[in-house]
Amino acid sequence: MDKIANGVWRLRGGEPERHTPVSLRETEIRYEELDRLDCPGVSPVPESEISIHHTARGVKIELPLRAEEQIYGFGLQLHRVNHTGRKKVMRVNSDPVTDTGDSHAPVPFYVSTGGYGVYIDTSRYAAFYCGTNLRKGASEHKSAEQKEVATSEIELYGYQAAEGDRTMVIDVPAAQGIDIYLFEGPDLKTAVQRYNLFSGGGCLPPVWGLGVWYRAYSAAKREDVMRLAGQFREDRMPVDVFGFEPGWQTKAYSCSFVWDEGRFSGHEDMLKQLYGMNFRINLWEHLFVHPTSPMYPELLPHSGNYEVWEGLVPDLSVKEAKDVFAGHHLKEFVEKGISGFKLDECDSSDFVHSNWSFPDTTEFPSGMDGEQMHNQLGTLYQAAVQAPFETAGRRTWSQVRASGALASPYPFVLYSDLYDHEVFIRGVVNAGFSGLLWTPEVRQAESAEDLIRRIQTTIFSPLALLNCWRILNPPWMQVDREKNVKGEFLDNYEEVRDICRKLFETRMSLIPYLYASFASYYFDGIPPFRALVMDYPDDPGTYGIEDAYMMGDRMLVAPLITGRTMRSVYLPRGCWRDFWTGELYEGGRTYTVEPELDRIPVYVKENSLLPLAKPMEFVADNAVFEITVKAYGNEPQDFELFEDDGTSFAYRDGGFNRVRLSWQPNGDAAGSSSRSGAYEGTQYRIIGWEHIV
Ligand code: GAL
């Protein structure tokens, strides 16, 4: 077993494959930050308890699993949070409709309540059997003692294995060798931190990325876009990012990566106007390259041997291909002010549309096959699109529909075409175990209530997104898709719009708090959105929670789903406050809550300082947030705001401040703030303190 970094161990069996997430990585291990984490310094699983065998199938791995251990992770799992006793296959897929492990972003990494993490370095469709079976003889043949044959379905199918230690069995097809990485705890959250720091640390969004996003109708023309943009500003609806869907290009399936001057005549002039109105622009695309694209001739020799939608599949692991792709994005878009991209269709769609991607047998110039490329495509694509922003010295906050291992440094948020609200909430809970971010986006809705409930979830997520690619007018004017496109509006749309505006304003007020939470992701690898079990691994009450999550260190979010007027909320130990009313709740208990339509259940830990900004309509460059600090309880802990220019990479070289907020409980009960660091500008002005007792 080799020690790779503080608290990170590697065990090698056989000869690993040439192409794995580690061999393809472009990011650096964050050794210094790993050194700062305390650890016992011994592998969390002894080498003698791990077995690695080669078989004709590939590599078979066995690791111990103690009876009491609960297993989490495996990337963006949308159908289950606790994977103990389940089988999961790490196969990228755009239609993960059931609990097989298939995912937009499968990650062969799991963490245990035993306080450690395990990462298997492979791009193969590896299967994890998380204690599904006992070894021969281990059951002690308990069921043989049963006197009568079972007849009811409950008896027939209700087999429960004897309690006791089990085994994690991992099947890695095709490979002849493997690297296993073990991450020390001592607890589950620290194991996740180590995995994220090993991956290169978390990403830091530009501060505007934390505002509200609106993606416009796919068939919109220049005049539609300008009408919408004008309406947002006139109605004072906070919107920071304006997204263009497929129609901006001359060809979209596959992509030309060229503006369509038919729908968007004088597009550069249009962009100038939008920038002048303080919108950031995000462009939809995918990476299958149309024959009319200017990149086509140069990418031809560096692509796989099958087409998708008549387009090339560039091998972005090859430098030449990446340079062409990144170069075009730099010159044509990033240098012209575009702030980000939505990287669609990179997640293989073989369940529903068999020809929307390439076969697993595809051969790529790098030597990768289609199976490996499928699981790597999302991260390779993110790296290629991040590159021009690095060159330009500007941060992006972008979207992607596929991701995988070691992806936490990439400033991309996952999304999906699945549209079940419950599934979307589970995505927020789950993504944080594996260095991923996920947005529960809003499109149209089945009712005004549905729209509001969905917006509430998205504003308490990494990316507050309305993806209105199928409707011409904003959803608060008409939720029904057909009527919306025809311009038939709801009678009470102004009322609905006003509730939406208030929610957007809530999002805007949370930006400084969220930005600080992302700074902890960047510097310490702590996921800004995460399951409750991560903060309370000793509390079995949190083990199965799939519908509530932590947002930063101080807030617990428990969204409500359409059609329900009440829900139960488990609040872990300690005391909590209702975010809206300040009402005090004692933790360690489950409550039934019944919020009004305009309220999503959110709780703040007692003894917190919560910085809330005066909502702006957009975050302009060098914007200064005016902050009122809410002080909950009699002994609020200090809170540190993260302050920098909000857009450049200067923070990597120390160009930032920490603004420490403190409360003196025994003095005149007043708050104070102090600033330290090398950044010379000001991002925050503290304008007031509010004591909630
Ligand atoms: C889907 C994507 C949608 C929208 C659409 C446009 O694949 O998930 O959000 O962008 O493509 O064709």
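Each chain carries its own residue numbering, running from 1 in the written order of its sequence. Two thresholds apply to this predicted model, a pLDDT of at least 70 for residue-level local features and 80 or more for giving and counting side-chain atom pairs, whereas whole-chain, interface and lining totals are computed over all residues. Just so you know, side-chain values use all the structure's heavy atoms and leave hydrogens and water out.

Note on definitions: the grid is 1 Å and covers protein atoms alone; a cavity is a set of points where a 1.4 Å probe fits but cannot get out; a pocket is an open set with protein on both sides within 12 Å along at least five of seven lines; lining residues have an atom within 4 Å of a point. Grid points are joined across faces, edges and corners, and a volume is the space filled by probe spheres set on the points. Here the structure, examined in full by the defined rule, presents eight cavities of 30 Å³ or more. In this structure, the largest cavity encloses a volume near 140 Å³. Residue lining of the largest cavity: 13 residues in total, with Leu24, Arg25, Gln376, Thr379 and Tyr410 positioned closest to the centre. Going along the chain from the N terminus, every DSSP run of H or I of four or more residues is numbered as a helix, and every run of E of two or more is numbered as a strand. Elements supplying a minimum of two residues to the lining of the largest cavity: α1 (21-24) and α9 (370-392). The dominant element in the lining of the largest cavity, judged by the number of residues it contributes, is α9, at four residues. Residue composition of the lining of the largest cavity, grouped by class: seven nonpolar, four polar and two charged. Quantified by volume, the second largest cavity comes out at close to 90 Å³. In terms of residue class, the lining of the second largest cavity is built from seven nonpolar, four polar and four charged. Think of it as three bins: nonpolar holds Ala, Val, Leu, Ile, Met, Phe, Trp, Tyr, Cys and Pro, charged holds Asp, Glu, Lys and Arg, and polar takes everything else, Gly as well.

So, on to the site of the ligand. Think of it this way: one heavy atom of a residue within 4 Å of a molecule or strand is enough to make that residue near it. Near the ligand you find Glu245, Pro246, Tyr253, Trp284, Lys342, Asp344, Glu345, Arg401, Tyr415, Asp417, Asn467 and Trp469, and these make up its full shell. Throughout this description, a polar contact denotes any pair of N or O atoms lying within 3.5 Å of each other; where both atoms belong to protein, one of them has to be capable of donating a hydrogen while the other can accept it, and for residues adjacent in sequence the pair is counted only when both atoms sit in side chains. Between the ligand and Tyr253 there is a distance of 2.9 Å, counted from an oxygen atom to a side-chain nitrogen or oxygen. Trp284 is positioned such that a nitrogen or oxygen atom in its side chain is 3.2 Å from an oxygen atom of the ligand. Here the shell around the ligand is composed, by residue class, of five nonpolar, one polar and six charged.

Below, the discussion takes up the pattern of salt bridges. For this document, the term salt bridge refers to a Lys or Arg side-chain nitrogen within 4 Å of an Asp or Glu carboxyl oxygen. All told, the structure shown has 52 salt bridges when counted by the stated rule. Two residues, Lys336 and Glu268, come together in a salt bridge whose shortest N-O distance is 3.3 Å. Separated by 68 residues along the polypeptide, Lys336 in the loop between α8 (319-332) and β15 (340-343) and Glu268 in helix α6 (residues 267-276) bring together distant segments of the chain. Here Glu268 falls in the partly exposed class, since its relative accessible area comes to 43%. The residue Arg530 makes a salt bridge to Asp553 at a minimum N-O spacing of 2.7 Å. Taken as a pair, Arg530 in strand β19 (residues 529-530) and Asp553 in the loop between β20 (549-551) and β21 (555-557) lie far apart in primary sequence, 23 residues in all. Residue classification places Asp553 among the partly exposed residues on the basis of a relative accessible area of 36%. Here the salt bridges share partners, and the residues they tie into one network are Asp344, Glu345, Asp347, Arg401, Asp417, Glu441 and Arg443. Classification of residues uses two cut-offs on accessible area relative to the type maximum, computed with a 1.4 Å probe and protein chains only: under 20% is buried, over 50% is exposed, and between them is partly exposed.

Take the packing of aromatic side chains next. The pairing test for Phe, Tyr and Trp rings, Trp by its six-membered ring, is centres within 6.5 Å, and the orientation test on the planes gives stacked under 30 degrees, edge-to-face over 60, and tilted for anything in between. By the definition in use, this model includes 53 aromatic pairs. Both rings, one in Tyr72 and one in Phe433, keep their centres 5.1 Å apart while their planes meet at 20 degrees; by these two values the pair is stacked. Taken as a pair, Tyr72 in strand β5 (residues 71-75) and Phe433 in the loop between α10 (421-431) and α11 (448-459) lie far apart in primary sequence, 361 residues in all. With centroids separated by 6.4 Å and ring planes inclined at 50 degrees, the aromatic side chains of Tyr253 and Trp356 adopt a geometry described as tilted. Here Tyr253 is found in the loop between β13 (241-244) and α6, whereas its partner Trp356 is found in the loop between β15 and α9, with 103 residues between them in sequence. Classification of Tyr253 as partly exposed rests on a relative accessible area of 37%. Only when the NZ of Lys or the CZ of Arg is both within 6 Å of the ring centre and within 35 degrees of the ring normal is a charge said to sit over the ring. One cation-aromatic arrangement involves Arg233 over Phe279; the distance from NZ or CZ to the ring centre is 3.8 Å.

A large share of α10 lies buried, amounting to 10 of its 11 residues. Every buried residue of α10 is accounted for by His421, Val423, Phe424, Ile425, Arg426, Gly427, Val428, Val429, Asn430 and Ala431. In this structure, the buried side of α10 is in contact with β5, α11, β19 and β20. The residue sitting at the N-terminus of α10 and contributing the capping side-chain oxygen is Asp420; that oxygen lies 2.9 Å from the backbone nitrogen of Glu422. A contact between two residues is defined here by any heavy atoms of the two lying within 4.5 Å.

Here we take up the domain arrangement of the protein chain. Much of the literature gives interface size as the accessible area that the parts lose upon coming together. Domain start and stop positions are those given by an automatic or database domain assignment. Per the domain assignment, the segments of the protein chain are domain 1 (2-138 + 153-199), domain 2 (520-605) and domain 3 (609-692). Each of domain 1 and domain 3 has a C-alpha centre, and the two are 39 Å apart.

What follows deals with the nonpolar core. We define the nonpolar core as a collection of buried residues of types Ala, Val, Leu, Ile, Met, Phe, Trp, Tyr and Cys that are connected through side-chain atoms lying within 4.5 Å of one another. Counting residues in each nonpolar core, the largest one holds 180 residues, and the members touching the most others are Phe242, Phe244, Phe325, Phe460, Trp476, Met555 and Phe579. Once residues within four sequence positions are removed from consideration, Phe460 is found in contact with Thr506, Arg507, Leu510, Phe529, Tyr549, Met551, Met555, Val557, Phe579, Ile600 and Val602. Counting 25 residues, the second-largest nonpolar core is a separate cluster that includes Phe128, Ile170, Ile178 and Leu182.

For the rest of this paragraph, the subject is the packing of α8 against α9. Packing of α8 against α9 brings their axes to within 9 Å, and their N-to-C directions diverge by 50 degrees. It follows that α8 is oblique to α9 by the angle criterion. For α8 against α9, the interelement crossing comes out right-handed. Along its contact with α8, which presents Lys322, Phe325, Ala326, His329 and Leu330, the element α9 presents Tyr381, Ala383, Ala384, Val385, Ala387, Pro388, Thr391 and Ala392. Per-class residue counts for the contact of α8 with α9 are 10 nonpolar, two polar and one charged. Think of each axis as a best-fit line through the C-alpha atoms, taken over the contacting stretch in the case of a helix, with angles from 0 to 180 degrees between the N-to-C directions. Roughly parallel refers to an angle under 35 degrees, roughly antiparallel to one over 145, roughly perpendicular to one between 65 and 115, and oblique to any angle outside these ranges. The sense of a crossing depends on the near helix, which, turned anticlockwise from the far helix by less than a right angle, makes the crossing left-handed and, turned clockwise, makes it right-handed.

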